[in-house]
Amino acid sequence: MLEQIRNTHPLVYKNFSALPDGERQLRSILAIDRYWEKLELPVPDVIRDGSRLPADARVEEAFDILYAGGTLGLLHAAVMSKKYGRKVLVIDRAEPGRTTRDWNISRGELLRLAETGVFTQEELDSTIVRRYKTGWVEFHAPAEKRKRLYIDEVLDCAVDADRLLGMACDKVLAGSGSQVLGHTSFVCCYQFPDHLVVQVEESSGKPRYFRTQVLVDAMGIVSPVAMQLNRGRPQTHVCPTAGTIASGFEGVDFEVGEILASTEDAEVSGKRGRQLIWEGFPAKGDEYITYLFFYDKVDSPNDKSLLGLFETYFRKLPEYKKPGPNFTIHRPVFGIIPAYFHDGAGCTRVVSGERIALLGDAASLSSPLTFCGFGSVVRNLDRMTAGLAKAMREGRLGAAELAKISAYEPNVASMANLMKYMCYDPETDDPGFVNEMMNEVMIVLDELPQRYRQAMFRDEMKVEELVTVMLKVAWRYPKILKATWDKLGVGGSVGFVKNLAGWAMTQSSK
């Protein structure tokens, strides 16, 4: 596999060839990149009527809940198994409990997992491998126009994701009859009035069938279930992300997290253009995590492949962090962070079906700006699991009932609109637009009390706080008004107002 990219992606070939599992990592990247191909194919047919179950299908065992996806799905499964006594099955096409991305969060937010009663504070603290004194955001601009914004207690803890997921896996397996199967892929499910039959496939190609009351889809952005439920268009925007966990950088400050940073204006080529942004977070020991990413519309002409972004990452990395003579890559980190524009006062994306609930990136309900799927699940895990337990007790497992216990948050839906301003468009934007705009936003946030910046980067803003920031930015930077028209248009602007109205109504009812 690596030999096939030797000439097309020479830097990826060089760096991945030095990894002991470079071939496996490349295959994982290409598997996610197939998302773009799937968007052009007919809508998947994976949710089927029970009458289509093959006559020779042998149902092996019955479970209360079957989880397709063994990363964030494991956190949910641990609670349902240990706290609510449900017999669960977790399947994963790769190794359960292994992530392709790293996780950063504040300690206070991480400890919300303890509210479930399944994880102790001591267990959660043991997963924190590094804490930073502070973090900052800075966008490229001449020195006199550049504003570095410092933010305390935001994404300031590096979490050993595999350790946390390993704990969750142990808690699942401690449940009576619960199981975790690796190298097992979801194929389809068959719907009956009072249950589902889920067909899975082992790596050998052998089909297996399990009965379940509920299917929790945690298969990420490539989920065929999410694609079918959303008629082949499960996302409106995306954030392709590529990076590494490495050691041997020169001049790295291990006390500070670099939350968002750009080193240049947007790169433009004809009708294509993207504003590249970096993240840098110290990890355990001398390891340091760097990410390169950009925000974009799903249907833009840009190359959004992770393979292509990795080539760009290796080419531009020295402009951000200089590799020293002992530079060593431990593993790549990557993914496509999803986003969805809700054109309404509530959740307009389909996040459930009959006896089917979507979780994490499959649900695409998190903000792509900073916090992503891990933060969304952490904030909502106690509520979602309690809601599912109640729904199962009462036998209320229809699509409408399950949608009510999703991770949808009105404030996050509204804040996700701000991501549209970060999507560079060569037809309407100057190459320096995103950097110029974000510097003005940073100046405004710096003039406001610290709680504003913390709330923005933790997805905790109140509607009046967002309005305050927006008005101050518009006063300082009138060009944002034209950008709003260019980025949102009439339909998008009306949709944004609907989001704000729904947020305000929800906030006032609390």
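Up top is the structure these notes are about.
Please read these numbers as outputs of a predicted model, since none were measured by experiment. (Residues numbered from 1 in each chain as written. Predicted model: local features only at pLDDT ≥ 70, side-chain atom pairs only at ≥ 80, totals over all residues. Heavy atoms only, no water.)

K.L.:
So what's going on with the packing of helix H1 (residues 10–17) against helix H8 (residues 306–320)? Residues and values would help.
P.N.:
As a packed pair, H1 and H8 sit with axes 8 Å apart at the nearest point and diverge in direction by 80°. Relative to H8, H1 is oriented roughly perpendicular. Packed against H1, whose contacting residues are Pro10, Leu11, Val12, Asn15 and Phe16, the element H8 presents Leu307, Phe310, Glu311, Phe314 and Arg315 at the interface. When grouped by side-chain class, the residues that make up the contact of H1 with H8 number seven nonpolar, one polar and two charged. (Axes fitted to C-alpha atoms, helices over the stretch in contact; angles between N-to-C directions. Helix = DSSP H or I, 4+ residues; strand = E, 2+ residues; numbered from the N terminus. Parallel < 35°, antiparallel > 145°, perpendicular 65-115°, else oblique. Contact = heavy atoms within 4.5 Å. Nonpolar A, V, L, I, M, F, W, Y, C, P; charged D, E, K, R; others polar.)

K.L.:
Which residues make up helix H13 (residues 450–457), and what values go with them?
P.N.:
Of all eight residues making up H13, six are buried, and the element is well covered by its neighbours. Of all the residues in H13, the buried ones are Tyr452, Arg453, Gln454, Ala455, Met456 and Phe457. For H13, the secondary structure elements touched by its buried residues are strand E6 (134–138), strand E7 (149–151), strand E14 (256–261), helix H11 (410–415), helix H12 (433–447) and helix H14 (463–476). Just downstream of H13, Asp459 is the residue with a positive phi angle, here 60°. (Buried < 20%, exposed > 50% of the residue type's maximum accessible area, 1.4 Å probe, protein only.)

K.L.:
Lay out the packing of helix H2 (residues 22–39) against H8 in plain terms, naming residues and giving numbers.
P.N.:
Across the interface, H2 lies against H8 with an axial gap of 8 Å and an inter-helix angle of 125°. Considering the angle they form, H2 stands oblique to H8. Contacts between H2 and H8 involve Leu26, Ile29, Leu30, Ile32 and Asp33 from the first element and Leu306, Leu307 and Phe310 from the second. In terms of residue class, the contact of H2 with H8 is built from seven nonpolar, no polar and one charged.

K.L.:
Tell me about the pairing of E6, and name the residues and values.
P.N.:
Of all the five residues making up E6, five are buried; the element is thus mostly covered by neighbouring parts of the structure. Neither face of E6 is left uncovered, since the one carrying Thr134, Trp136 and Glu138 and the one carrying Gly135 and Val137 both have all their residues buried. Here five bridges tie E6 to E14, and the two strands are oriented parallel to one another. Counted as the bridge partner of Glu138 is Ala261 from E14. Bridging between E6 and E7 involves three bridges; their strand directions are antiparallel. (Pairing = 2+ DSSP bridges.)

K.L.:
Give a detailed account of the sheet that holds strand E5 (residues 128–131), specifying residues and quantitative values.
P.N.:
With antiparallel pairing, the three strands of this open sheet are ordered in space as E4-E8-E5. Taken across any chain shown, the strands that pair with only one partner, and hence form the sheet edges, are strand E4 (103–105) and E5. Here the strands of the sheet are splayed against their neighbours by 30° on average, with no regard to which way each runs. Of the pairings in the sheet, the one linking E4 to strand E8 (residues 157–159) comprises three bridges and is antiparallel in character. The residue of E8 that forms the bridge with Trp103 is Val159.

K.L.:
Provide a residue-level description of unusual backbone geometry, including the pertinent values.
P.N.:
In this model, Leu155 sits at a positive phi of 50°, which is unusual for a non-glycine residue. Within the secondary structure, Leu155 sits in the loop between E7 and E8. Note on Leu155: relative accessible area 4%, which makes it buried. Even without glycine at this site, Arg355 takes up a positive phi of about 65°. When you line up the elements, Arg355 lands in the loop between strand E21 (352–353) and strand E22 (356–358). Overall, Arg355 belongs to the buried group, its relative accessible area being 13%.

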